[in-house]
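Residue-level structure breakdown
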Amino acid sequence: MSALGLNIGMKSLLAAQANLETIGHNLSNANTPGYSRQALQVSSSSPIRLRGLVQGTGVSADTITRTVDSILHGRISSQVSSLGRIDARLETISTVESLLGGTSASGMPALFKKMFQSLASLQTAPEDPMLRTGAVQSSMGLVAALNRAAGNAQSLQRNAFLQMDATVAEVNALAQRISDLNRQITGSELGTSTANDLRDRRDQLVKELSQFVDVRAVEDARGAVRVLVGGRILVSPTSVEQLELGGDPASGSVTLSIDGQAIDSLGGRLGGLLGMQTGYLDGIVDQLDDFAHNLALEANRVHSTGIPRSGSFSFLVGDNTIADSDGDGDREDELISRAGLPFDIQSGALYVNVVNRASGATTKHRIDIDANRTTVGDLVDAFGAIPNLSASVDVSGRLQVVADAGFGFDFSPRLEAAPDTLGSFGGGKASIATAREPFALSVGDTLDLVGANGPFTVTLSGAGFASISAATAEELTAVLRADAGFQASGLVASAQDGALVLQSAGTGAGEMFQLAGGSALAALGLSAGTTVSGSDHDIAPTISGNYNGSQAARWTFRPNMDGTIGTTQGLRIEVFDESGVRVAELDVGPGYTPGDEIEIKDGVRIAFAFGDVSATARDAFHLDVVADADMSDVLVALGMNSMFTGSTAQDIAVRDDLVLDPSLFSVSLSGAPGDGGNVLRLLEIESERLAGLGSQSLDEHLSGIVSGVALEIEAAQSAREAEQFLLDGLETRRDQVSGVNTDEELVRMIEQEQAYNAAAQYLRVVSELTAELMNIL
Amino acid sequence: MNQVMTLLRLLEAHVQEEIGAQSRVLAALEAQGEALRSHESARIVAATAALDSEIAAQAKRAERRSELLASLAAVWSLPAGTLTLGSIVQRVGDEGRRLARQREELADSVGSVARQSRRNGLVARLHQRVTSEVLQAVLVESGTESALAEGGALVDAEG
């Protein structure tokens, strides 16, 4: 055999060996993650000219290449990133679901229901101390769950930050390894040879990196990859940058940057964690805070205007501190609506009931709050202006209200049981009222009266009037009370609803006075010569029921004629609102039995005793009907007789002294035994649609949070399944393109062995035949 | 003498046929050599199969050649198997000039076939040995040797 022939055979053998080694390498790495099948590329060796002939020189093994679909590889990286993001999201949402307790008995919706079930039980027996304790305990159960959920959500935010920190470290470690491989690959690849295994390892690292962040890997002409994260270069062909985590997890301002440049779009697990940290968890905490804030607001609105079993208060101090916003050391000069209180204060009326504990008589007083003008000092003064009450701001900045000895106070919307406080409506006193102010009087006008002590004259000098030609009932009352002759007359002057009421001091048919004359009478709408007599019968109108209207109003009651209750044909009591519109007309003629209750309107009833009423004497009284005793929310803001303290999910709590003494629970509207009217109002807030919750009820809002989380989990799980399905499909395609099929590789080898074997057998026959032929030559 | 000439003409025709056949065998061997260098099993199998018909035809021609040589030996009262183409040329003198040329041509062809055959044989045997060794190593490593030895495992895998 010639040297050339032997060389050709040797080259062929070497090529075959290389091929078999490649197959063996493929088989050895069949289970190596990210390994790409390799194949030997062979070609004909360059021919040579020999003895004038161009002869082939056999085969040469050129290079071993990877079977890789780079587009498919990029899609897999992107898919791995999506999956990483969803996994991080799913992990966090599942934790949030467990914090909220879902629909289990210990879940927040169940605890909310339980609280209202306890209140419903209490409403049936408001005197029962066990049920009161139960209501307080179930309320504590709900707020404790809220506290836990909010606290854990914030812990989760901190944990998410720590996880991000650890993930950033992993990202940087991977980036460094990719950069190292870049150097090794570019250093080892010469000519057409490729560092297949190094490239596989680098591809695998890029894929691992994709789990954490969405990356784009671009290969340059020298075989190095440039890795971009959120549009910023993390790995360049010659260097590596650091991904940096910054910000404050407590404030929710977390940033990621490369080389000082912020990255907005991250993807992967890091993107998922960032989204959870800055968006989702904040949202959950906000929703829980909204729920807690509105629960406290609504429950406190009701509780602060209720009355506990022990009755009206002698002393009350607010839970919330008034801030000295301007820092001048004086809290009373602060606008009440800007005094750093946890709830907003609106313009509106606050009604205060003052109770004489000895007589049981209650008087209702109204304090008007102007959110833009009323200061803390104004409020203190307004309380102080109510007879038998005083108020102050204590050293801690809390408002305290104190009743005089023998008196109590409360803020219940209850009705005044005996509203005719002057006794000017068919009372026992001799009584007459003027027309309504203003009165066009003149300096020097006189009022000639005859009282029990004889005739006397009051001359109006003009003093005591802001403008005597438009005098008010209050001014005239003060002038009369200051007049010595009037004081000695035994008569009493009062202002009521813009009219001056002149009355005898005593009651009974023997009481009498006369309007003798004087220049002022005409301006007051009175007639000279009128004799006013008392009565032995006091009609004493009595109010009962609870007002269930939606607006506060002042109803004024007037008879349509002079007559006797239950006797005079056509006698009616007309009821007008503040604008003069008649809201009711009560027939108290012969068909009415004195003492019977008559429905006026909106749950309010009235009863009249036997006696005379007079339209001529302008008999009248008024009744304040109150839908909301604190339209300004000033009691809620100050924390006066509240049910809950705090205003966020994390700090809401049942008021300490309610926990210690559940008898302080304001179950009643009237203070009367068995009255559970305030619990009934508390029950209504369960399903009441609230503006603060976007017209959702507390129940709906809480269920919405829980079901929203459940839906998020379901959506994330569905998305995960879809993304995983897609990734599996891509991986299968990758395996088809780049993977090693052990069976196929073995079959290939066995086929080769058999083919070589068959060839060798045939050649043996050929040799034998050829030898036989040569023998006969 | 006539019988010798008749047999000589038949032998010349046979040798000419053999020269053509050896050219075809050489071409088939060269194709097989290419296939062996490509390491493509299918190509190797196809090239080897192409040799099959040539080998079969060569065996028939060897039989026919034996008969012709035996007949000539009988005419010259020689034992069968003692004649070669060279001894025949010497015996027939000038009448054997054509056969002499044919003999040289056939010798060249057979030499080429023998060289190509040896070369292919060497390559095929070595390939087969190396493949067998690698296969053995891989199967032992993957633990499928016994399954393969028993047969059926890979057939099942393919199925």
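Residues numbered from 1 in each chain as written. Chains lettered and ligands numbered in written order. Predicted model: local features only at pLDDT ≥ 70, side-chain atom pairs only at ≥ 80, totals over all residues. Heavy atoms only, no water.

Here we look at the overall build of chain B
In terms of helices and strands, chain B carries six helices and zero strands. Element order for chain B, N to C, with α for helix and β for strand: α-α-α-α-α-α. Put simply, chain B has 159 residues, and 41% of those count as buried. The contacts in chain B between residues at least 6 apart in sequence include a share of 66% that link residues at least 24 apart. Summed over its atoms, the accessible surface of chain B is roughly 8200 Å², and 50% of this surface lies on carbon and sulfur atoms. (Helix = DSSP H or I, 4+ residues; strand = E, 2+ residues; numbered from the N terminus. Buried < 20%, exposed > 50% of the residue type's maximum accessible area, 1.4 Å probe, protein only. Contact = heavy atoms within 4.5 Å. Areas by Shrake-Rupley, 256 points an atom, 1.4 Å probe, with all protein chains shown as cover.)

Some thoughts on the pairing of strand E20 (residues 491-496) of chain A
Consecutive residues of a regular strand have side chains that alternate between opposite faces of the sheet. Residues and elements named next belong to chain A. With six bridges connecting them, E20 and strand E21 (residues 499-507) associate as antiparallel partners. Bridge assignment links alanine 495 to a residue of E21, and that residue is leucine 500. Between the antiparallel neighbours E20 and E21 lie two residues, among them aspartate 497 with a positive phi of about 50°. (Pairing = 2+ DSSP bridges.)

Digging into the environment of B:Ser112
Turning to its location among the elements, B:Ser112 is positioned in helix H4 (residues 97-142). Along the primary structure B:Ser112 and B:Leu26 are separated by 86 residues, whereas in three dimensions their C-alpha atoms are 7.0 Å apart.

Focus on the sheet that holds strand E28 (residues 582-587) of chain A
Residues and elements named next belong to chain A. Spatially, four strands are ordered E28-E27-E25-E32 in an open sheet, and the strand pairing comes out antiparallel. Across the chains shown, the open sheet's two edge strands, defined by having one partner strand only, are E28 and strand E32 (621-625). Across the sheet, the axes of successive neighbouring strands diverge by a mean angle of 20°, strand direction being ignored. When strand E25 (residues 553-559) meets E32, the two strands line up antiparallel, connected through five bridges. Paired with arginine 554 across the strands is aspartate 624, a residue of E32. (Axes fitted to C-alpha atoms, helices over the stretch in contact; angles between N-to-C directions.)

Overview of the interface of chain A and chain B
Each side of the interface is counted separately: chain A has 45 residues, and chain B has 52 residues. Of the charged contacts, one joins A:Glu772 and B:Arg65 as a salt bridge, the two residues approaching to 2.8 Å between their closest N and O atoms. Here chain A is connected to chain B by six residue pairs in polar contact (both at pLDDT 80 or more). When residues of the side of chain A that touches chain B are traced back to their parent elements, those giving at least two are helix H1 (3-28) and helix H15 (742-775) of chain A. Considering each element in turn, the side of chain A that touches chain B owes the most residues, 26 residues, to H15(A). Its residues assigned to classes, the side of chain A that touches chain B comprises 27 nonpolar, 13 polar and five charged. (Salt bridge = Lys/Arg side-chain N within 4 Å of Asp/Glu carboxyl O. Polar contact = N/O pair within 3.5 Å; in protein donor to acceptor, adjacent residues only side chain to side chain. Nonpolar A, V, L, I, M, F, W, Y, C, P; charged D, E, K, R; others polar.)

Description of the pairing of E28(A)
Residue and element names in this part refer to chain A. Here strand E27 (residues 572-576) runs beside E28; their pairing, made up of five bridges, is antiparallel. Bridge assignment links isoleucine 573 to a residue of E28, and that residue is leucine 586. The hairpin formed by E27 and E28 contains five residues between the paired strands, and glycine 580 there has a positive phi angle of roughly 90°.

Concerning a negative patch on the surface
On the surface, a cluster of negative charge is contributed by A:Asp326, A:Asp328, A:Asp330, A:Glu332, A:Asp333, A:Asp378 and A:Asp381. Following the sequence through the fold, A:Glu332 ends up in the loop between strand E11 (315-317) and strand E12 (348-356). (Patch = residues over 30% accessible without salt bridge, like charges linked within 9 Å, V, L, I, M, F, W, Y side chains within 5 Å. Lys, Arg positive; Asp, Glu negative; His and termini not counted. Charge placed at Lys NZ, Arg CZ, Asp CG, Glu CD.)

Concerning the sheet that holds strand E10 (residues 261-262) of chain A
All names here are of chain A. Strand order across the open sheet formed by three strands is E8-E9-E10, with antiparallel pairing between neighbours. Here the strands that pair on one side only, and so sit at the sheet edges, are strand E8 (243-248) and E10. Along the sheet face, helix H4 (residues 129-188) touches E8 and strand E9 (253-258) and points at about 165° away from the line of E8. Lying on the sheet, helix H6 (residues 268-304) is in contact with E8 and E9; it crosses E9 at an angle near 155°.

With respect to the packing of helix H3 (residues 108-124) of chain A against helix H13 (residues 677-684) of chain A
Residues and elements named next belong to chain A. Direction vectors running N to C along H3 and H13 enclose 155°, while the axes themselves pass 9 Å from each other. The orientation of H3 with respect to H13, classified from their angle, is roughly antiparallel. The element H3 and its partner H13 pack so that their crossing is left-handed. Listed contacts from H13 to Phe116, Leu119, Ala120, Leu122 and Gln123 of H3 are Val679, Leu680, Leu682 and Leu683. (Parallel < 35°, antiparallel > 145°, perpendicular 65-115°, else oblique. Left-handed = near helix turned anticlockwise from the far one by under 90°.)

Digging into the confidence of the model for chain B
Residue and element names in this part refer to chain B. Confidence along chain B averages 81 in pLDDT terms, with 86% of residues attaining 70 or more. Confidence over residues 144-159 falls short of pLDDT 50; this stretch has 15 contacts with residues more than four positions distant or in other chains. Overall fold confidence for the complex sits at a pTM of 0.67, while the interface term, ipTM, reaches 0.81. (pLDDT = per-residue confidence, 0-100.)

A closer look at the pattern of salt bridges
Residues and elements named next belong to chain A. Within this structure, the stated rule accounts for 32 salt bridges over all chains. Among the salt bridges present, the one from glutamate 127 reaches arginine 309, with a minimum N-O distance of 2.3 Å. With glutamate 127 in the loop between H3 and H4 and arginine 309 in the loop between H6 and E11, this pair connects stretches of sequence that are 182 residues apart. Judged by relative accessible area, arginine 309 falls into the partly exposed class, the value being 34%. A salt bridge links glutamate 298 to arginine 301, with the nearest nitrogen and oxygen atoms 2.8 Å apart. Residue glutamate 298 and its partner arginine 301 are both found in helix H6; the two are separated by three residues, about one turn of the helix. Residues joined by salt bridges that share partners form a network here, namely Arg572, Glu574, Arg582 and Glu585.

Comments concerning unusual backbone geometry
All names here are of chain A. Cis peptide bonds are those with omega within 30 degrees of zero, and the linkage from glutamate 437 to proline 438 qualifies with 5°. Position of proline 438 relative to the elements: it lies in the loop between strand E17 (429-436) and strand E18 (446-451). Positive phi, normally seen in glycine, also occurs at serine 695, with a value near 65°. Locating serine 695 in the fold gives a position in the loop between H13 and helix H14 (698-738).

Section: the packing of aromatic side chains
All names here are of chain A. Scanning the entire structure with this criterion turns up 11 aromatic pairs over all chains. On the basis of an interplanar angle of 90° and a centroid distance of 5.9 Å, the ring pair of tyrosine 547 and tryptophan 555 is categorised as edge-to-face. Taken as a pair, tyrosine 547 and tryptophan 555 share a single burial class, namely buried. (Phe/Tyr/Trp six-rings, centres within 6.5 Å; stacked < 30°, edge-to-face > 60°.)

Topic: the packing of H3(A) against H14(A)
Residues and elements named next belong to chain A. Orientation of H3 relative to H14, taken along the N-to-C sense of each, is 160°, at an axis distance of 9 Å. With respect to each other, H3 and H14 are oriented roughly antiparallel. For the element pair H3 and H14, the recorded crossing hand is left-handed. On H14, the residues that touch Met108, Pro109, Phe112 and Lys113 of H3 are Leu698, Asp699, Leu702 and Val706. Each residue belonging to the contact of H3 with H14 can be placed in one class, and the counts come to six nonpolar, no polar and two charged.

What about the environment of A:Ala552?
All names here are of chain A. Its place among the elements puts alanine 552 in the loop between strand E24 (542-545) and E25. Sequence separation of alanine 552 and valine 625 is 73 residues, and the distance between their C-alpha atoms is 5.6 Å. Among all residues touching alanine 552, those that are not within four sequence positions of it are Tyr351, Val625, Val626, Ala627 and Met631.

Focus on the nonpolar core
Residues and elements named next belong to chain A. Residues Phe383, Leu399, Phe644 and Phe665 are the most contacted members of the largest nonpolar core, which totals 86 residues. Among the elements that line this core, the one with the most residues is H6, at 12 residues. Residues contacting phenylalanine 665, with those up to four places away along its chain left out, are Leu119, Leu122, Arg132, Ala135, Val136, His303, Ile307, Pro308, Arg309, Met643, Leu658 and Leu682. In terms of nonpolar packing, the next biggest core, distinct from the first, is built from 33 residues, Leu174, Val206, Leu209 and Leu243 among them. (Core = buried A, V, L, I, M, F, W, Y, C linked by side-chain atoms within 4.5 Å.)

Digging into the side chain of A:Ser647
Following the sequence through the fold, A:Ser647 ends up in the loop between strand E33 (644-645) and strand E34 (653-654). The contact partners of A:Ser647, leaving out residues within four places of it in the chain, are A:Asp289, A:Ala292, A:His293, A:Pro342 and A:Phe343.

Some remarks on the side chain of A:Gln204
Residues and elements named next belong to chain A. For glutamine 204, the location among the structural elements is in helix H5 (residues 196-212). Here glutamine 204 falls in the buried class, since its relative accessible area comes to 18%. With sequence-adjacent residues up to four places away left out, glutamine 204 is seen in contact with Pro33 and Gly34.

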